[in-house]
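# Residue-level structural notes
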Amino acid sequence: MEISCEKNGDQTQMLVMGDMTVDQIKGQRDVFLQSLTFGQHIDLDLMMVSEMDSAGLQLLILLKREAELRGQQVHIAAQSMEVTDMLDLCGMTDAFAPPANTVFC
């Protein structure tokens with residue numbers, strides 16, 4: 001799994017590529033949480049995620065929970081079908097949906 005972050009003002013875009021599975025997310029927790037130091041709003045681009053299991057979903061939930069504790073927001077700006085399937089399966093689609101008037105950079 002590869003992760004890159006791009007900061008634009010108070011908004012950070014985190015691009016995640018590859019598998020978000022139990023074997024691939026080891027050591028990525030700190031990288032995800034570090035993104036919270038870059039801006040108030042974190043937009044996740046998960047379009048290049050090729051596979052996601054429950055461990056990958058737990059990482060997203062952790063990021064969202066930590067952001068909310070800090071008064072920050074995390075949304076999914078783009079997602080692959082694999083991410084869509086996992087969110088739908090677990091009833092989490094609305095949890096990461098951006099507000100209706102959101103403009104992504």
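Anything mentioned here points back to the structure above.
This section reports on the structure supplied with the text. Quantities reported herein were computed from a predicted structural model and do not represent experimental measurements. In this convention, every chain numbers its residues from 1, walking through the sequence in written order. Owing to the predicted nature of the model, reporting of local features is limited to residues with pLDDT of at least 70; listing and counting of side-chain atom pairs is limited to 80 or more, with chain, interface and lining totals taken over all residues. The basis for every side-chain value is the complete set of non-hydrogen atoms in the structure, without hydrogens or water.

### Observations regarding the overall build of the protein chain
The following threshold applies: Runs of H or I in DSSP of at least four residues are treated as helices and runs of E of at least two as strands, each being numbered from the N terminus. Computation of the radius of gyration draws on C-alpha atoms alone. For the globule rule, the value is 2.2 Å times the number of residues to the power 0.38. Two residues qualify as a contact provided that any one of their heavy atoms is within 4.5 Å of a heavy atom in the partner residue. Per-residue and other accessible areas follow the Shrake-Rupley method at a 1.4 Å probe size, with only the shown protein chains counted as cover for residues. This count recognises Lys and Arg as positive and Asp and Glu as negative, with His and chain-terminal groups excluded. By convention, the charge on Lys lies at NZ, on Arg at CZ, on Asp at CG and on Glu at CD.
What the protein chain contains, in helices and strands, is 3 helices and 4 strands. Counted from the first residue to the last, the protein chain has its helices and strands arranged as β-β-α-β-α-β-α. Its C-alpha atoms give the protein chain a radius of gyration of 12 Å, near enough to 13 Å, the size a compact globule of 105 residues would have. In terms of its C-alpha atoms, the protein chain occupies a principal-axis envelope of roughly 30 × 30 × 25 Å. The contacts of the protein chain with a sequence gap of at least 6 include a subset with a gap of at least 24, amounting to 73%. When the accessible surface of the protein chain is summed, it comes to about 5700 Å², and 50% of that surface belongs to carbon and sulfur atoms. A distance of 11 Å separates the average location of the 6 positive side-chain charges in the protein chain from that of its 16 negative side-chain charges.

### A few points about the pattern of salt bridges
The cut-off we apply is this: Salt bridges are counted wherever a side-chain nitrogen of Lys or Arg sits within 4 Å of a carboxyl oxygen of Asp or Glu. Burial classes follow relative accessibility: with a 1.4 Å probe on protein chains only, a residue under 20% of its type's maximum area counts as buried, one over 50% as exposed, and anything between as partly exposed.
In this structure the tally under the stated criterion is 3 salt bridges. A salt bridge links Arg 65 to Glu 66; the nearest nitrogen and oxygen atoms lie 3.4 Å apart. Here Arg 65 falls in the partly exposed class, since its relative accessible area comes to 47%.

### A word on a negative patch on the surface
The test is simple: Exposure above 30% relative accessible area and the lack of any salt bridge qualify a residue for a patch; like charges then connect within 9 Å, and the nonpolar side chains Val, Leu, Ile, Met, Phe, Trp and Tyr within 5 Å.
There is a patch of like negative charges on the surface, built from Glu 51, Glu 82, Asp 85 and Asp 88. Assignment of secondary structure puts Glu 82 in helix α3 (residues 81-89). Using a relative accessible area of 35% as the deciding quantity, one classes Glu 82 as partly exposed.

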